[in-house]
There are 8 protein chains.
Amino acid sequence: MTVCYDYTRLARVGMPEAIFCLNKTTSQLRAIVTELLERPDNPVLFTRMSDAQYQTVRPLTGQALEYDEESATAVLHGCLPARNGTVAVVTAGTSDIPVAAEACRTLEFLGFKAARIADVGVAGIWRLLERVDEIVDHDVVIVVAGMDAALASVVGGLTGQPMIAVPTSTGYGAAADGETALRSMLTSCAQGVTVTNIDNGFGAACAANRILLALNRT
Amino acid sequence: MTVCYDYTRLARVGMPEAIFCLNKTTSQLRAIVTELLERPDNPVLFTRMSDAQYQTVRPLTGQALEYDEESATAVLHGCLPARNGTVAVVTAGTSDIPVAAEACRTLEFLGFKAARIADVGVAGIWRLLERVDEIVDHDVVIVVAGMDAALASVVGGLTGQPMIAVPTSTGYGAAADGETALRSMLTSCAQGVTVTNIDNGFGAACAANRILLALNRT
Amino acid sequence: MTVCYDYTRLARVGMPEAIFCLNKTTSQLRAIVTELLERPDNPVLFTRMSDAQYQTVRPLTGQALEYDEESATAVLHGCLPARNGTVAVVTAGTSDIPVAAEACRTLEFLGFKAARIADVGVAGIWRLLERVDEIVDHDVVIVVAGMDAALASVVGGLTGQPMIAVPTSTGYGAAADGETALRSMLTSCAQGVTVTNIDNGFGAACAANRILLALNRT
Amino acid sequence: MTVCYDYTRLARVGMPEAIFCLNKTTSQLRAIVTELLERPDNPVLFTRMSDAQYQTVRPLTGQALEYDEESATAVLHGCLPARNGTVAVVTAGTSDIPVAAEACRTLEFLGFKAARIADVGVAGIWRLLERVDEIVDHDVVIVVAGMDAALASVVGGLTGQPMIAVPTSTGYGAAADGETALRSMLTSCAQGVTVTNIDNGFGAACAANRILLALNRT
Amino acid sequence: MTVCYDYTRLARVGMPEAIFCLNKTTSQLRAIVTELLERPDNPVLFTRMSDAQYQTVRPLTGQALEYDEESATAVLHGCLPARNGTVAVVTAGTSDIPVAAEACRTLEFLGFKAARIADVGVAGIWRLLERVDEIVDHDVVIVVAGMDAALASVVGGLTGQPMIAVPTSTGYGAAADGETALRSMLTSCAQGVTVTNIDNGFGAACAANRILLALNRT
Amino acid sequence: MTVCYDYTRLARVGMPEAIFCLNKTTSQLRAIVTELLERPDNPVLFTRMSDAQYQTVRPLTGQALEYDEESATAVLHGCLPARNGTVAVVTAGTSDIPVAAEACRTLEFLGFKAARIADVGVAGIWRLLERVDEIVDHDVVIVVAGMDAALASVVGGLTGQPMIAVPTSTGYGAAADGETALRSMLTSCAQGVTVTNIDNGFGAACAANRILLALNRT
Amino acid sequence: MTVCYDYTRLARVGMPEAIFCLNKTTSQLRAIVTELLERPDNPVLFTRMSDAQYQTVRPLTGQALEYDEESATAVLHGCLPARNGTVAVVTAGTSDIPVAAEACRTLEFLGFKAARIADVGVAGIWRLLERVDEIVDHDVVIVVAGMDAALASVVGGLTGQPMIAVPTSTGYGAAADGETALRSMLTSCAQGVTVTNIDNGFGAACAANRILLALNRT
Amino acid sequence: MTVCYDYTRLARVGMPEAIFCLNKTTSQLRAIVTELLERPDNPVLFTRMSDAQYQTVRPLTGQALEYDEESATAVLHGCLPARNGTVAVVTAGTSDIPVAAEACRTLEFLGFKAARIADVGVAGIWRLLERVDEIVDHDVVIVVAGMDAALASVVGGLTGQPMIAVPTSTGYGAAADGETALRSMLTSCAQGVTVTNIDNGFGAACAANRILLALNRT
């Protein structure tokens, strides 16, 4: 398999191409890693990498590849240089944590700080109200929530920060694998909430990256 | 057309049969009204009655039929005797008002008090927080909301009253004619929220009636 | 993992927070159990707990955790004190039993009595008709049914009790994992039927709890 | 427009081709009627013919075309010769009547007797139970119902007749223009219920025709 | 587990209750079999019984239970007495065979003859045309087809027999687990085609049973 | 409004840009026509142009614009020069005619011949079988069909021509505005059937244009 | 009707509450306008205001209300003070213009500059490539596109600006009222694209406002 | 099992019947292979054949069956004779490769040349622009893409070749198992794009075969 990694994307749009590992075969992953190992100046993020996939490429990479199980991500050749900008990643329940972790690790890879604000679901609204001041201290807010996704609307009504909502595929029945959370966020009564694909913590971090780069340019 | 009104339903399940007028023809409505006029001891509620429909049956009924345009309901032969029990009907936006009005008028017809608590959408959460004490003074809470329907989850997390959530068909695009609100309410993170069909203010009032009758029995 | 259990929910809305175990990892469950073991005055219900999950936490809890396989629930630190109130949990087929069992065990945990009325599907309507008197002896009726969910409408037309309908994900093809039962219940021709998420026996019990608490307050 | 009416269908499958008028233009309808007028030996049924459409073709046909507004059907050149066989057409609510009327008029056109058994919705189950003996006197049963369509399951469990279920597009919200009734009937807990398209009273009558012809052959 | 088998269904509607085995646990199946073994005069059909399920109940039943792997059915206490009536079960592809087999075995259990007419898909229409004479020799036609389900329309246009169409969940992508075949059959351009749930060979046989019983009554 | 008509598309991909009129306002249409009138060497096709829209632009264009009501198309500055290539446009019912007409007029505008083969629905399969020889005389086959769209599979199994299937939004209920026909065609059991959007006669003609241009190049 | 306008929203989240006029009755609109006229220091934006609605409130407001038909918006008491920040609003076709206009007018109301970059659909990719330099001169990019919405992915791959994608309900058939464009944008292969509800030009402008306020803070 | 292979399809429509292996049982596959082995003059393609399936039939076929794992296809009795005609198979990402491989191997089996043009996704549009000249050298273009499927529109706007678009089931969440790519391609803004079922590389090759045969006939 020939690998055609997009080496100029970082220069062009401010983010390097990432490797999405879900459903990639062992031989595909090995071919990609082999090519990328020859470019140590080119940091790369792997997302949705299972522990099993990590074990199959580890013999090739040794310590050059840093794997994190909670977020199912791996970083090759280290992170990008640190830049100004912090992001609050807000979650409601335990099930949203892997998606939030993917967002956080992506932000760290891109050179930004990310702070998790967890367990602030609206079924106990005071938990969120106590932490609003903390949230608005950040440059960008990412809200990760499943099922009714009510958290996005409440946070969006309390803060004026750029806000990215990530629906998650938690729950069962009418939750419809995250479809309900997605549509709930798209119809949020709070103004100016934008939305990513279901479970797309990586995409939310990339959207934050676009905003933070603009802030760094000012 | 023969009319087979279910005269024993009130005795059997505590609610008289109501006449759902949407899509009924003029001749169908007239046949129904004509029969019911002969039973002045049998109070009847008409729902989804358009002003045009009202005008076509008015010559038959005279003042025996009390029409209310906001809720699109009409009451024939007066309301049921007053009973103990009050319901808080909570709404977020202007578009939810007709559905809330249908719930309130149905409750009044059934002999109960209903109080509207409007304009408490979660995009400005303090408006709701200021009125929680008022809400919990009622025996049952009906929450009417469209789009993300986040209001149901927030109210459900703040109160322990029996709670009935009514999704509304407001909004556009991903709101999907109330389907998003419906699914959001069904997956509410608040415990013990039950749901009715979209825009079904009448059904919510009937569900409240079942609960209030039980409270009256105790 | 930090655990932020909502210890005040019982006081606030009359139900303690429950732990939904589906998809929780072993380490997440252990962290939760470890924290909760230190609060023996705080009874907790675990739902959707698989036997495998139970085996992994059992060494930590010993006999403090009572597991029930049929309902896939476990109770830590015993049930809440018994309160007045009984619920009829009505089912049609064998496949609906686990959902009904979850409702019953949740009710028992919350201090109420639950009676199962099983195998009364409408394909043999006389089985249901024989037991109507038994059903109306209860304060609240929960109907658990899948596929066409016709049972909800028939029971709703025969009784005036507060009624909660739970669609189940039984069947195949057009049953659509419970979506058909859900929509059938939402459009029930019986007045005042309210509905929970698919397979949500726990949620139905919580809705009953709200009603029974109101009855206890009177 | 050339008209290619299928003159041999009656001989081939026992039913003449019918003309479905919905969305046909005036000129299309006139061309069809003009051709068919020249074949007085060939009885034809027009379905979904609006009163406005009827008015536009009436000058051509005079009394050869018998229009019926309730069923929105018209018969040209009279009905087929009477044959043995009767069908019970069972409905729950007023909104189901036009579909039932289409089924009945089609059966009469095909030479069979049809008896309407109306207003036997399961919200008042005794109304249906009182008429079971009447229903089982017929050779075939057609059940027309919308929303939860519970009537199909209850009738199917009480009778052993060949049974055809017709979902209707009545109701709103989760009724989804008849989709819920359709799926409910397809997953009926009664054995051997078959289903037609939504609002397809004509199709149900044609299915009954196939069965009744077989009975006549025996 | 108490088993409430509906012993009077055969007398009431002409078909005994069948046991749908999908998702039933070993202990549930054993309880059912144990009870039914005590009623040797009561023939019972088990559907969707996996080979693994069969192995777990076989020690209880010995040769009283006749299992057939292709149709995943088992018959306890033999079939019903033979009656007059034959059914043509028509299929297009290899994937439709298990569903057709379920229909055939159910018919045989109910006392009727079933003939399979396989591999007559419309992509090679002459295969079907060659066998039309054979098909119309039967009292009822069952068409089993997936994907575009065009076979149902072509057969329906060539024959006047009572016809039952069974969509199957074969194919991938836009086939949508049989949903496309289901909707295609419901909108068949052939008159009088009725439809069952996806993959429901058993239901089609029960519908044929209703028709064949009527034929036997004449 | 500035108009940016793509004048080089004909040279680039062999088809000029067409003007899709649906939902365009009068002022938008007038601005477009005004600009295009100044380029008499640039033939343009307008699709989905209502008669009302035609009346509003006619004063500007005079006879330069040739309108055809059946296909709802108009041609400005005449058709493209005639080229070799003929297309058979096959339809089943009257409702499919406007879509077929759009395909035919587009083909004529592009310089090709189109022959309509109408009323060959599979409910009377012999009508189609009689005309197969005529169909295979053409270079490309377009099949236009709604509801079950079985015609596409039967034609695809009888001919080896390049074949383009166009689903139509005819029918009601489970026809789902053409969605069923679309999915049926996508899962056709005939090999090598390709599909366009619902009602997209224009797109089918453009696809034929791509093929016919390739044939002209050989 | 009591009006509860949220006067503190501007201070809290940097945007005043807007009035969504779709489906509001004349009396509701008049009540709102009457109240807001008494607060000339409080600029308000009305969206989805039809010309008919404008005519009914104009007698009350006189010139205080500036209506714009293309965007269906009106501004009461003038715009907010000008702030730094410009937005590129990129569109493909004529049908997307009203949504783009809503975004532009909202941005102007909020004090920002908006530049329209129209007619750059990817069917003629060079049109877009010619204007990339112009697009990247702006602080934020809003892409408005319907049907396949391919424009969002191409722009997202060419620029690193914060980017908000707005699906539109243009097209027919498989375009599904904008659902296809919505899902296409959510699964964009370009990194960091965020999405709003269908046709929600207002929401996109509010999201841009959040970003531009952050840029002004730096 | 009797095997009814359609031996005349090659002569009739220019393509031999292929064997779709997905979900076929070992005994079904063995029966088919056994029959086909006796007809060495009849080349056959097997699609969606897993490696496990290949292992079970290999003992029967020996080297007569050539298996290819990447495309999951096998060829029995060699390919068809080489014919004139080449196809460009264009893909965006790694996940689309198996579908492209199925298309290529089918084309080779049918006697045509296929060239893969991979890794030209529109997130880096210059990769595609560099290869347009190469693409237009082919007689037919097949575009294989998932998620937003924007590649189909961009290629369709750059080339005038006959074009077949194949949506793939890659991605997650709103990608909806290829449904989004399918609908995006059906609503492509490029003129004359036709579409196959999701993941149907085989079908796309068969559609190309129809076109290439026509080119060979000229």
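These numbers come from a predicted model, not from an experiment.

Participant: Looking at this structure, how should I read unusual backbone geometry?
Facilitator: Trans is the common state for peptide bonds, and a negative phi is the common state for residues other than glycine. Not every positive phi belongs to a glycine, and alanine 149 of chain A is a case in point at roughly 55°. Tracing the chain through its elements places alanine 149 of chain A in the loop between β7 (140–146) and α7 (150–158). Taking the number of C-beta atoms within 10 Å as the measure of exposure, alanine 149 of chain A has 34 and is therefore buried. Here arginine 48 of chain H, not a glycine, exhibits a phi torsion of approximately 50°, which is positive. Residue placement: arginine 48 of chain H occurs in the loop between β2 (44–47) and α3 (51–61). Judged by the 19 C-beta atoms lying within 10 Å of it, arginine 48 of chain H is partly exposed.

Participant: Explain the relation of the copies chain D and chain C to me, please; I cannot follow it from the model alone.
Facilitator: Each of the two chain copies goes to the other by way of a rotation about an axis and a shift along it. Under the fitted operation, chain D is carried onto chain C by 0.0 Å of movement along the axis and a turn of 180°, and the coordinates agree to an RMSD of 0.0 Å. When the rotation and shift are considered jointly, the pair of chain copies conforms to a two-fold rotation axis. When C-alpha distances to the rotation axis are compared across chain D, the minimum falls at alanine 150 of chain D, with a value of 2.3 Å. Same-surface contact between copies: 100% of interface residues of chain D are shared with the interface of chain C.

Participant: I'm lost on the interface of chain D and chain C in this one. Help?
Facilitator: Tallying the contact residues gives 26 residues for chain D and 27 residues for chain C. If you tally residues by element for the side of chain D that touches chain C, the top one is helix α7 (residues 150–158) of chain D, at five residues. Class assignment of the residues belonging to the side of chain D that touches chain C gives a composition of 15 nonpolar, nine polar and two charged.

Participant: Looking at this structure, how should I read the UniProt feature "domain: PurE" (unreviewed entry) in chain A?
Facilitator: Residues annotated in UniProt with the feature "domain: PurE" (unreviewed entry) correspond here to residues 85–217 of chain A. Across residues 85–217 of chain A, helical content stands at 42% and strand content at 20%; the span's end C-alpha atoms are separated by 12 Å.

Participant: What is the right way to look at the environment of glutamate 102 of chain C in this model?
Facilitator: If you trace the backbone, glutamate 102 of chain C turns up in helix α4 (residues 97–109). The class for glutamate 102 of chain C is buried, based on 28 C-beta atoms found within 10 Å.

Participant: Got a minute to help me understand helix α2 (residues 26–37) of chain H in this structure?
Facilitator: The periodicity of an α-helix, 3.6 residues per turn, causes residues three or four positions apart to be oriented the same way. Residue and element names in this part refer to chain H. Spanning 12 residues, α2 covers 16 Å between terminal C-alpha atoms, matching the ideal 16 Å at 1.5 Å per step. Taken together, the buried positions of α2 are Leu29, Ile32, Val33 and Leu36. Seen from one end, α2 has its buried residues packed into an arc of 95°, which puts them on one side.

Participant: Could you clarify how one ought to interpret the sheet that holds strand β2 (residues 44–47) of chain E in this entry?
Facilitator: Residues and elements named next belong to chain E. The strand order β1-β2-β4-β3 describes an open sheet built from four strands, whose pairing is mixed. Only two strands of the sheet have a single neighbouring strand rather than two, namely β1 (19–20) and β3 (65–68). Judged from the two bridges that link them, β1 and β2 form a sheet pairing that is parallel. In the sheet register, phenylalanine 20 faces β2, and the bridge partner there is threonine 47.

Participant: What should I look at first to understand the relation of the copies chain H and chain E in this one?
Facilitator: Structural alignment of chain H on chain E gives an RMSD of 0.0 Å, achieved by rotating through 90° and translating 0.0 Å along the axis. What we have between these two chains is a four-fold relation. No C-alpha of chain H approaches the rotation axis more nearly than that of alanine 176 of chain H, which lies at 8.0 Å.

Participant: Teacher, can you tell me more about the interface of chain H and chain E here?
Facilitator: For interface size, the figure often reported is the accessible area lost on association. Taken together, the contact pairs 12 residues of chain H with seven residues of chain E. Each residue belonging to the side of chain H that touches chain E can be placed in one class, and the counts come to three nonpolar, five polar and four charged.

Participant: In this structure, what is going on with the packing of helix α4 (residues 97–109) of chain A against helix α9 (residues 201–217) of chain A? I would like to understand it.
Facilitator: For any two helices packed against each other, the geometry comes down to the angle between their axes and how far apart the axes lie. All names here are of chain A. Two elements in contact, α4 and α9, have axes whose closest approach is 7 Å; the angle formed by their N-to-C orientations is 40°. Between α4 and α9, the angle falls in the class oblique. Crossing handedness for the pair α4 and α9: right-handed. For the pair α4 and α9, the contacting residues are Val99, Ala100, Glu102, Ala103, Thr106 and Leu107 in the first and Gly201, Phe202, Ala204, Ala205 and Ala208 in the second. Grouping the constituent residues of the contact of α4 with α9 by class yields eight nonpolar, two polar and one charged.

Participant: Would you explain the environment of phenylalanine 109 of chain H in this entry?
Facilitator: Residue and element names in this part refer to chain H. Along the chain, the position of phenylalanine 109 falls in helix α4 (residues 97–109). C-beta crowding within 10 Å serves as the criterion here: with 25 such atoms nearby, phenylalanine 109 is assigned to the buried category. As a C-alpha pair, phenylalanine 109 and proline 81 span 28 residues in sequence and 8.6 Å in three-dimensional space. Not counting the four nearest positions on each side in its chain, phenylalanine 109 is found in contact with Leu45, Val75, Cys79 and Leu80.

Participant: In this structure, what is going on with helix α4 (residues 97–109) of chain G? I would like to understand it.
Facilitator: Here α4 of chain G is 13 residues long and its end C-alpha atoms lie 18 Å apart, about the 18 Å a rise of 1.5 Å per residue gives. Looking one or two places after α4 of chain G, you find glycine 111 of chain G, whose phi comes out positive at around 100°.

Participant: How should the confidence of the model for chain A be read in this particular structure?
Facilitator: As a general rule, the predicted coordinates of low-pLDDT regions are not to be interpreted in detail. Mean pLDDT over chain A works out to 95, with 99% of the residues at or above the 70 mark. For this predicted complex, the interface confidence reaches an ipTM of 0.96, while the overall pTM sits at 0.96.

Participant: What is the right way to read the domain arrangement of chain A from this model?
Facilitator: Residue and element names in this part refer to chain A. Domain assignment breaks chain A into domain 1 (8–76) and domain 2 (86–216). Here the C-alpha centre of domain 2 lies 25 Å away from the C-alpha centre of domain 1. Each side of the interface is counted separately: domain 1 has 11 residues, and domain 2 has 12 residues. Listed by contribution, the elements that provide at least two residues to the side of domain 1 that touches domain 2 are β2 (44–47) and β4 (73–76). The residue makeup of the side of domain 1 that touches domain 2, split by class, is five nonpolar, four polar and two charged.

Participant: Whenever I open this one, the arrangement of the chains confuses me. Can you help?
Facilitator: A gap remains between chain E and chain G, which never touch, and the nearest two C-alpha atoms on either side lie 13 Å apart. At no point do chain B and chain H touch; the closest pair of C-alpha atoms across them sits 13 Å apart.

Participant: Where do I start with the environment of serine 27 of chain H in this structure?
Facilitator: Residues and elements named next belong to chain H. Its location among the elements puts serine 27 in helix α2. The class for serine 27 is exposed, based on 11 C-beta atoms found within 10 Å. On a C-alpha basis, the gap between serine 27 and valine 57 in space is 9.5 Å, while along the polypeptide they are 30 residues apart.

Participant: For this particular structure, what's the right way to read the packing of helix α7 (residues 150–158) of chain G against helix α7 (residues 150–158) of chain H?
Facilitator: Running from amino to carboxyl end, α7 of chain G crosses α7 of chain H at an angle of 90°, the nearest separation of the two axes being 8 Å. When the interaxial angle is binned, α7 of chain G and α7 of chain H end up roughly perpendicular. Facing α7 of chain G, whose interface residues are Ala150, Ser153 and Val154 of chain G, α7 of chain H presents Ala150, Ser153 and Val154 of chain H. Looking at the contact of α7 of chain G with α7 of chain H residue by residue, the class counts come to four nonpolar, two polar and no charged.

Participant: Would you take a moment to explain the pairing of β3 of chain E for this structure?
Facilitator: Residues in a regular strand project their side chains so that they alternate between the two faces of the sheet. Where β3 of chain E lies against strand β4 (residues 73–76) of chain E, four bridges are found, and the strand directions are antiparallel. What sits directly across from glutamate 66 of chain E, in β4 of chain E, is valine 75 of chain E.

Participant: Is there a simple way to think about the pairing of strand β6 (residues 113–117) of chain H in this case?
Facilitator: Residue and element names in this part refer to chain H. With five bridges joining them, strand β5 (residues 86–91) and β6 adopt parallel strand pairing. For valine 89, the partnering residue across the bridge sits in β6 and is arginine 116. What joins β5 to β6 is α4, and the crossover it makes is right-handed.

Participant: Teacher, can you tell me more about the sheet that holds strand β1 (residues 19–20) of chain F here?
Facilitator: Hydrogen bonds between backbone atoms are what pair the strands of a sheet, whose relative direction is either parallel or antiparallel. All names here are of chain F. The mixed open sheet is built from four strands, whose spatial order is β1-β2-β4-β3. At either margin of the open sheet sits one strand with a lone partner, and together these are β1 and β3 (65–68). With respect to the sheet, helix α3 (residues 51–61) is in contact with β3 and β4 (73–76), its orientation differing from that of β3 by roughly 160°.

Analysis parameters
- Every residue gets a number counted from 1 within its own chain, in the order that chain's sequence is written.
- The lettering of chains begins at A and the numbering of ligands begins at 1, in the order of writing.
- Whole-chain, interface and lining totals are the exception, using all residues; otherwise, since this is a predicted model, local features are given only for residues with pLDDT of at least 70 and side-chain atom pairs are given and counted only at 80 or more.
- Numbering goes from the N terminus for both helices and strands, where a helix is a DSSP run of H or I of at least four residues and a strand is a run of E of at least two.
- With C-beta atoms placed from the backbone, a residue is labelled by how many other C-beta atoms lie within 10 Å of its own: buried for 20 or more, exposed for 12 or fewer, partly exposed between the two.
- To superpose the copies, least squares is applied to the C-alpha atoms of every residue with a pLDDT of at least 70 in both.
- A pair of residues counts as a contact when their C-beta atoms, built from backbone coordinates, are within 7 Å of each other.
- Gly is placed with the polar residues, together with every amino acid not listed as nonpolar (Ala, Val, Leu, Ile, Met, Phe, Trp, Tyr, Cys and Pro) or charged (Asp, Glu, Lys and Arg).
- UniProt positions are given in the numbering used here, feature names are shortened, and annotations may be inferred rather than shown by experiment.
- The span one expects for a helix is its residue count, reduced by one, times 1.5 Å.
- Relevant arc is that of directions from the helix axis to the C-beta atoms, nothing else.
- Strands are treated as partners if at least two bridges between them are detected by DSSP.
- Fitted lines through C-alpha atoms serve as axes, helices being fitted only where they are in contact, and the angles separating the N-to-C directions of these axes extend from 0 to 180 degrees.
- Convention used here: angles under 35 degrees read as roughly parallel, angles over 145 as roughly antiparallel, angles from 65 to 115 as roughly perpendicular, and any remaining angle as oblique.
- Left-handed describes a crossing in which the near helix is turned anticlockwise from the far one by less than a right angle; the clockwise case is right-handed.
- As a per-residue quantity, pLDDT reports the predictor's confidence and falls between 0 and 100.
- Note: domain ranges come from an automatic or database domain assignment.
- Crossover handedness is defined by viewing with both strands directed away from the observer: a clockwise path from the first strand over the helix to the second marks the crossover as right-handed.

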